[in-house]
Amino acid sequence: MTLSSYEPWNLLERVQQQLNRGYLDQNNGDSDYSNVVTSHWRPAVDIKEEQNRFLITADLPGVDPKDIDITMEDGILSIKGERTSENKQENEAYTRVERMSGTFYRRFSLPDTADADRIEATGKDGVLTIVLPKHEKVQPRRIEVKS
């Protein structure tokens with residue numbers, strides 16, 4: 001007889017994860033609509049708004065920066081690329097692969113305050129950083145009323 005611990009919350013957590021992956025993704029539950037049929041995996045992305053810019057940081061380990069395609073069209077920023085699979089370790093009758101490979105595709109709607117003409121992107125150590133400067137605000141001008 002084998003003893004095993006029972007954690008009832010683990011089951012609930014697994015059900016929630018499966019619902020999030022299956023139901024929400026299939027029904028565009030993500031606000032960026034990045035789940036496209038051509039994607040094999042989705043890199044984790046952080047978006048931060050600062051005073052003068054927006055900052056998008058994406059984890060893309062194993063992806064060469066020259067293999068990343070970033071486009072901007074009609075207020076939508078698209079990031080596409082591919083990570084090639086590495087050698088799999090095989091032991092007897094099973095294969096274990098935990099890191100995803102293949103193509104990825106993410107899209108983000110940009111606010112009107114983002115200056116699309118000055119977007120810059122850098123890739124270093126498996127992290128893609130996209131800087132989207134904000135338009136410089138036009139300072140209000142006081143107009144004198146003459147009599």
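Everything below is about the structure shown above.
First things first, this report covers the structure right here in the doc.

Thresholds, definitions, all that
Residues numbered from 1 in each chain as written. Predicted model: local features only at pLDDT ≥ 70, side-chain atom pairs only at ≥ 80, totals over all residues. Heavy atoms only, no water. Helix = DSSP H or I, 4+ residues; strand = E, 2+ residues; numbered from the N terminus. Contact = heavy atoms within 4.5 Å. Areas by Shrake-Rupley, 256 points an atom, 1.4 Å probe, with all protein chains shown as cover. Pairing = 2+ DSSP bridges. Axes fitted to C-alpha atoms, helices over the stretch in contact; angles between N-to-C directions. Buried < 20%, exposed > 50% of the residue type's maximum accessible area, 1.4 Å probe, protein only. Phe/Tyr/Trp six-rings, centres within 6.5 Å; stacked < 30°, edge-to-face > 60°. Lys NZ or Arg CZ within 6 Å of the ring centre and 35° of its normal.

### Section: the overall build of the protein chain
Alright, step 1. Within the protein chain, the secondary structure is distributed over 1 helix and 9 strands.
Alright, step 2. Taking contacts inside the protein chain between residues at least 6 apart in sequence as the whole, the part at least 24 apart equals 52%.
Alright, step 3. For the protein chain, the exposed surface amounts to about 12300 Å²; the carbon and sulfur share of it is 47%.

### Comments concerning the sheet that holds strand 9 (residues 127-133)
Alright, step 1. The strand order 1-2-9-8 describes an open sheet built from 4 strands, whose pairing is antiparallel. Each edge of the open sheet is held by one strand with a lone partner, namely strand 1 (45-49) and strand 8 (120-124). With strand direction ignored, the average angle separating the axes of adjacent strands in the sheet is 15°.
Alright, step 2. Here strand 2 (residues 53-59) runs beside strand 9; their pairing, made up of 7 bridges, is antiparallel. Paired with Thr57 across the two strands is Thr129, which belongs to strand 9.

### A word on the sheet that holds strand 4 (residues 76-83)
Within a sheet, each strand pairs with its neighbour through backbone hydrogen bonds, oriented either parallel or antiparallel.
Alright, step 1. Read across the open sheet, the 3 strands follow the order 3-4-7; overall the sheet is antiparallel. What marks the edges here is a single partner per strand, and that holds for strand 3 (69-73) and strand 7 (102-109). Strand-to-strand twist of the sheet, defined as the mean angle between neighbouring strand axes without regard to direction, takes the value 15°.
Alright, step 2. Note that strand 3 and strand 4 share 5 bridges and pair antiparallel. Within strand 4, the residue paired with Met72 across the bridge is Leu77.

### Digging into the pairing of strand 8
Alright, step 1. Among the 5 residues in strand 8, 0 count as buried, and that is only a small part of the element.
Alright, step 2. Bridge count for strand 8 against strand 9 is 5 bridges, and the pairing is antiparallel. Each residue of the ladder has a partner; that of Thr122, found in strand 9, is Thr129.
Alright, step 3. Here strand 8 hands over to strand 9 after 2 residues, with Asp125 in that stretch at a positive phi of 55°.

### Quick notes on the pairing of strand 4
Alright, step 1. Between the antiparallel neighbours strand 3 and strand 4 lie 2 residues, among them Asp74 with a positive phi of about 50°.
Alright, step 2. Pairing between strand 4 and strand 7: 8 bridges, direction antiparallel. Of the residues in strand 7, the one forming a bridge with Ile76 is Ser109.

### Brief notes about the packing of aromatic side chains
Alright, step 1. All told, the structure shown has 1 aromatic pair when counted by the stated rule.
Alright, step 2. The side chain of Arg83 reaches across the aromatic face of Trp41, ending 4.0 Å from its centre.

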